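# Fold and geometry: a report
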Protein chains: 2
Amino acid sequence: MDDGGSDIQALIDAMARLPGLGPRSARRIVLALIGRRPGQMAQLSALMARVADHARPCARCGNISDTEICPICDDPRRQTGEICVVETVADLWALERGRAFRGRYHVLGGTLSALDDIGPEDLGIPRLLSRIAKEEVQEVILALNATVEGQTTAHYIADALPEGLRVTGLAQGVPIGGELDYLDDGTITAALRARRNF
Amino acid sequence: MDDGGSDIQALIDAMARLPGLGPRSARRIVLALIGRRPGQMAQLSALMARVADHARPCARCGNISDTEICPICDDPRRQTGEICVVETVADLWALERGRAFRGRYHVLGGTLSALDDIGPEDLGIPRLLSRIAKEEVQEVILALNATVEGQTTAHYIADALPEGLRVTGLAQGVPIGGELDYLDDGTITAALRARRNF
Ligand SMILES: [Zn+2]
Ligand SMILES: [Zn+2]
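The shown structure was predicted, so the numbers you read here are calculated from the model rather than taken from an experiment. (Residues numbered from 1 in each chain as written. Chains lettered and ligands numbered in written order. Predicted model: local features only at pLDDT ≥ 70, side-chain atom pairs only at ≥ 80, totals over all residues. Heavy atoms only, no water.)

## Brief notes about the interface of chain B and chain A
Tallying the contact residues gives 52 residues for chain B and 52 residues for chain A. Note on chain B versus chain A: buried area summed over both sides is about 5000 Å², and carbon and sulfur give 68% of it. In this assembly, chain B and chain A are joined by two salt bridges. Put simply, Arg50(B) and Asp7(A) hold a salt bridge, and the shortest N to O gap is 3.0 Å. Between the two partners, chain B and chain A, sit five residue pairs in polar contact (both at pLDDT 80 or more). Sorting the residues of the side of chain B that touches chain A by element identifies α1 (6–16), α2 (23–35), α3 (40–54), β2 (64–65), α4 (71–74) and α5 (89–98) of chain B as the ones contributing at least two each. Residue contributions to the side of chain B that touches chain A peak at 10 residues, all from α3(B). (Contact = heavy atoms within 4.5 Å. Buried area = accessible area lost by both parts, 1.4 Å probe. Salt bridge = Lys/Arg side-chain N within 4 Å of Asp/Glu carboxyl O. Polar contact = N/O pair within 3.5 Å; in protein donor to acceptor, adjacent residues only side chain to side chain. Helix = DSSP H or I, 4+ residues; strand = E, 2+ residues; numbered from the N terminus.)

## Section: the coordination of the zinc ion (ligand 2)
Residue and element names in this part refer to chain B. Ligation of the zinc ion (ligand 2) by protein atoms is provided by Cys 58 (SG), Cys 61 (SG), Cys 70 (SG) and Cys 73 (SG), these donors lying 2.3 to 2.4 Å from the ion. Around the zinc ion (ligand 2) sit four donor atoms, and with donor-metal-donor angles ranging over 104 to 114° the site reads as tetrahedral. Motif for the zinc ion (ligand 2), donor spacing along one chain: C-x2-C-x8-C-x2-C. In this pair, Cys 58 sits in the loop between β1 (56–57) and β2 while Cys 70 sits in the loop between β2 and α4, placing the two residues 12 residues apart along the sequence. When sorted by exposure, Cys 58 lands in the same class as Cys 70, which is buried. (Donors = N, O, S within 2.8 Å, 3.2 Å for Na, K, Ca; no water. Tetrahedral: all angles 85-135°; square planar, octahedral: opposite > 155°, others 65-115°. Buried < 20%, exposed > 50% of the residue type's maximum accessible area, 1.4 Å probe, protein only.)

## Considering the coordination of the zinc ion (ligand 1)
Residues and elements named next belong to chain A. The coordination sphere of the zinc ion (ligand 1) contains the protein donors Cys 58 (SG), Cys 61 (SG), Cys 70 (SG) and Cys 73 (SG), at a distance range of 2.3 to 2.4 Å. Mapped onto the sequence, the residues coordinating the zinc ion (ligand 1) show the spacing C-x2-C-x8-C-x2-C. Classification of Cys 70 as buried rests on a relative accessible area of 0%.

## Concerning the UniProt feature "zinc finger region: C4-type" (unreviewed entry) in chain A
Under the UniProt annotation, "zinc finger region: C4-type" (unreviewed entry) lies at residues 58–73 of chain A. For residues 58–73 of chain A, the end-to-end C-alpha separation is 8 Å, with 19% helix and 12% strand making up the annotated structure. (UniProt positions renumbered as here; feature names shortened; annotations may be inferred.)

## Re the confidence of the model for chain A
Residue and element names in this part refer to chain A. Mean pLDDT over chain A works out to 87, with 88% of the residues at or above the 70 mark. Put simply, strand β7 (residues 196–197) is where chain A has its lowest mean pLDDT, 63, and strand β4 (residues 104–107) is where it has its highest, 96. As scored by the predictor, the complex reaches a pTM of 0.76 and an ipTM of 0.77. (pLDDT = per-residue confidence, 0-100.)

## Structural notes on the side chain of Thr168(B)
For Thr168(B), the location among the structural elements is in strand β6 (residues 166–169). Among the polar contacts listed, one links the side chain of Thr168(B) to the side chain of Glu139(B), at a separation of 2.9 Å.

## Some points on the packing of aromatic side chains
Residue and element names in this part refer to chain A. If you walk through the whole model with that rule in mind, you get two aromatic pairs over all chains. Taking the centre distance of 5.2 Å and the plane angle of 70° together, the rings of Phe 101 and Tyr 105 count as edge-to-face. In terms of burial, Phe 101 and Tyr 105 fall into one category: buried. (Phe/Tyr/Trp six-rings, centres within 6.5 Å; stacked < 30°, edge-to-face > 60°.)

## Regarding a negative patch on the surface
All names here are of chain A. A grouping of Asp 116, Asp 117, Glu 121 and Asp 122 is seen on the molecular surface, where their side chains present a negatively charged patch. By the secondary structure assignment, Glu 121 is in the loop between β4 and α6 (125–134). Classification of Glu 121 by relative accessible area gives exposed; the value is 60%. (Patch = residues over 30% accessible without salt bridge, like charges linked within 9 Å, V, L, I, M, F, W, Y side chains within 5 Å. Areas by Shrake-Rupley, 256 points an atom, 1.4 Å probe, with all protein chains shown as cover. Lys, Arg positive; Asp, Glu negative; His and termini not counted. Charge placed at Lys NZ, Arg CZ, Asp CG, Glu CD.)

## Quick word on helix α7 (residues 148–160) of chain B
All names here are of chain B. Between the first and last C-alpha of α7 there are 18 Å, a value that for 13 residues agrees with the 18 Å anticipated at 1.5 Å per step. Buried within α7 we find Gly 150, Thr 153, Ala 154 and Ile 157. One side of α7 holds all its buried residues, which, seen down the axis, span an arc of 105°. Facing away from the buried surface of α7 by more than 90 degrees, the exposed residues are Val 148 and Asp 159. (Expected span 1.5 Å × (residues − 1). Arc of directions from axis to C-beta.)

## Points about the packing of helix α1 (residues 6–16) of chain A against α3(B)
Look at α1(A) against α3(B): their axes get within 9 Å of each other, and the N-to-C directions meet at 140°. Here α1(A) and α3(B) pass one another in a crossing that is left-handed. Contacts from Asp7(A), Ile8(A), Ala10(A), Leu11(A), Ala14(A) and Met15(A) of α1(A) reach α3(B) at Leu44(B), Leu47(B), Met48(B), Arg50(B) and Val51(B). (Axes fitted to C-alpha atoms, helices over the stretch in contact; angles between N-to-C directions. Left-handed = near helix turned anticlockwise from the far one by under 90°.)

## Structural notes on the relation of the copies chain B and chain A
To go from the first copy of the chain to the second, apply a rotation about an axis and then a shift along the same axis. Each copy superposes on the other: chain B lies on chain A with an RMSD of 0.1 Å after a rotation of 180° and an axial shift of 0.0 Å. What the superposition gives is, in effect, a two-fold axis relating one chain to the other. Within chain B, the C-alpha atom positioned nearest to the axis of rotation is that of Ser45(B), 2.3 Å from it. Taken together, the interface assignments show that 100% of the residues at the interface of chain B recur at the interface of chain A, consistent with an identical surface on both copies. (Least-squares fit on C-alpha atoms with pLDDT ≥ 70 in both.)

This is the structure we're talking about:
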């Protein structure tokens, strides 16, 4: 394709490799950006550069943040006694949109997998256990995806947790095989409210 | 939504306003960018900044380019005797992907519209007429969308063209109401090859 400029083509190619995009949608986006009033594309680029510079996992929970400790961990109004364990930052965000949970999070970054050689250390499970001791946690909500991998990982964590802790899982509303990030906010809130002992 | 950083949220919001994207796809893209190896997001940002700085309409044909005269206009191997008139840069790119046309282009940037107060000057039609005189053009291909607006504009241009010129339009393969940018490359190539006198 001869679009009249190698940087333009390189930008289209880079955008086309983003999740959910392809060559056609990347072309439309780049043309729209070029067609907007001057400055808008430069603004988006500057914003992206700042995020690239500063975004990192929260040292405590694994949420993405541009501060060392994320605003959720840093918010004194959040309950310290509850930790909600999620697979991904996208899942954390999905739960936050539901506004039903007022505790804190622990982001695993994936699920256990013998095949991919992902063990408990890779998911920060030892770090979760030490947080539970330090932060006087009373309840751990295992909000993992309702997939085989998610539930296997949830069972592993439940077994590793100390005695005397309330351990719950999301219950009602999560469809079999469903992924949290694809649920509507109402369903995810209902599932959290109706959480059951694991 | 509390995502742990205002720049991150601002980037998601800005991405969500791009054509074809929404909040969910923007979140997935931003998370994917943050999750990639360091440097990739900064590279994308730098590429975007360069395009924002340099991309502009070609002074001759209206194609987007990072040079004053686009590579198509500047390519001595392209035939000077044929000009293909298109509505948008996206349409020009679609024709280029078909690789069937070896002449040059003229991008209108839209269609005539009394309602939106878009007249011949806004579409560069006087500039097209002076190019036809200067560049010794023998054939003008009116490759506008097969919509009412596209065909009205095509008829207006055909009437304004000097006598003795071959004036053709894309024929076979363009569905009624269809837009060029959505056609597959084979169809657009067939339509160009089977072009008829207008
Ligand atoms: Zn945190
Ligand atoms: Zn040009």
